[in-house]
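Per-entry structural report
These are the residues of each chain, in order.
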Amino acid sequence: QVQLAESGGGSVQAGGSLRLSCVVSRSTPVSCMGWFRQAPGTERKEVASINSIGTTSYADSVKGRFTISKDSAKNTLYLQMSSLKPEDTAMYYCASARWACGSGSYDYWGQGTQVTVSS
């Protein structure tokens, strides 16, 4: 079992920054953690992922602006978001995968935290 709890969302003006956090409570192994986002009327999409050895991957739309990281001692996943744009507005979710990163591999999801970027 894995429980995920996101925090850090909010409202910010374009060009601003936010840091999302996801506290992980688990009793089973986790090989990959990811951040996803979903805007109203759209599909949920992966934003960034990090595997057990720290290899990261980003969606093209956030490369150079977002940074995913983890603090294993604190059991916390982070998403540092900079140079935010109105199109970054969405509900952001963290997720975990037991076996590997990749589409369809995530087993557990948090409840989400809202990010709103105004122009």
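Throughout what follows, the structure given in this document is the object of discussion. (Residues numbered from 1 in each chain as written. Predicted model: local features only at pLDDT ≥ 70, side-chain atom pairs only at ≥ 80, totals over all residues. Heavy atoms only, no water.)

So, the overall build of the protein chain
- In terms of helices and strands, the protein chain carries zero helices and 11 strands.
- By the compact-globule yardstick of 14 Å for 119 residues, the protein chain fits well, its C-alpha radius of gyration being 13 Å.
- In terms of its C-alpha atoms, the protein chain occupies a principal-axis envelope of roughly 40 × 30 × 25 Å.
- Across the 119 residues of the protein chain, 38% fall into the buried class.
- Of the contacts formed within the protein chain by residues at least 6 apart in sequence, a portion of 55% connects residues at least 24 apart. (Helix = DSSP H or I, 4+ residues; strand = E, 2+ residues; numbered from the N terminus. Rg over C-alpha atoms; globule rule 2.2 N^0.38 Å. Buried < 20%, exposed > 50% of the residue type's maximum accessible area, 1.4 Å probe, protein only. Contact = heavy atoms within 4.5 Å.)

Digging into the state of the cysteines
- A full pass over the atoms with the stated rule returns two disulfides.
- Between the sulfur atoms of Cys 22 and its disulfide partner Cys 94 the distance amounts to 2.0 Å. Given an S-S torsion of about 50°, the disulfide between Cys 22 and Cys 94 has right-handed geometry. On the criterion of sequence distance, the pair formed by Cys 22 in strand β3 (residues 18–26) and Cys 94 in strand β9 (residues 90–97) is long-range, its members being 72 residues apart.
- Here Cys 94 falls in the buried class, since its relative accessible area comes to 0%.
- Each sulfur of the disulfide joining Cys 32 and Cys 101 lies 1.9 Å from the other. The chirality of the disulfide connecting Cys 32 with Cys 101 is right-handed, given an S-S dihedral of about 100°. Separated by 69 residues along the polypeptide, Cys 32 in strand β4 (residues 32–38) and Cys 101 in the loop between β9 and β10 (108–109) bring together distant segments of the chain.
- Residue class for Cys 101 comes out partly exposed when judged on its relative accessible area of 32%. (Disulfide = S-S within 2.5 Å.)

Here's the deal with the side chain of Asp 88
- For Asp 88, the position within the fold is in the loop between β8 (76–81) and β9.
- Side-chain polar atoms of Asp 88 contact the backbone nitrogen of Lys 85, separated by 2.8 Å.
- Not counting the four nearest positions on each side in its chain, Asp 88 is found in contact with Arg 37, Arg 65, Phe 66, Ser 83, Val 115 and Val 117. (Polar contact = N/O pair within 3.5 Å; in protein donor to acceptor, adjacent residues only side chain to side chain.)

Re the pairing of β8
- A large share of β8 lies buried, amounting to five of its six residues.
- Sheet topology note: the β3/β8 ladder contains six bridges and is antiparallel. When the bridges of β8 are listed, Leu 18 appears paired with Met 81.
- When strand β7 (residues 66–71) meets β8, the two strands line up antiparallel, connected through six bridges. Directly across from Asp 71, in β8, lies its bridge partner Thr 76.
- Hairpin connection between β7 and β8: a loop of four residues separates the two successive antiparallel strands, and Asn 75 in this loop has a positive phi of roughly 50°. (Pairing = 2+ DSSP bridges.)

Structural notes on the environment of Gly 16
- Examined against the element boundaries, Gly 16 turns out to sit in the loop between β2 (10–13) and β3.
- By relative accessible area, which is 18% here, Gly 16 ends up buried.
- Linking Gly 16 and Ser 118, residues 102 residues apart in sequence, is a C-alpha distance of 9.7 Å.

By themselves, these observations are geometric and do not establish any function.
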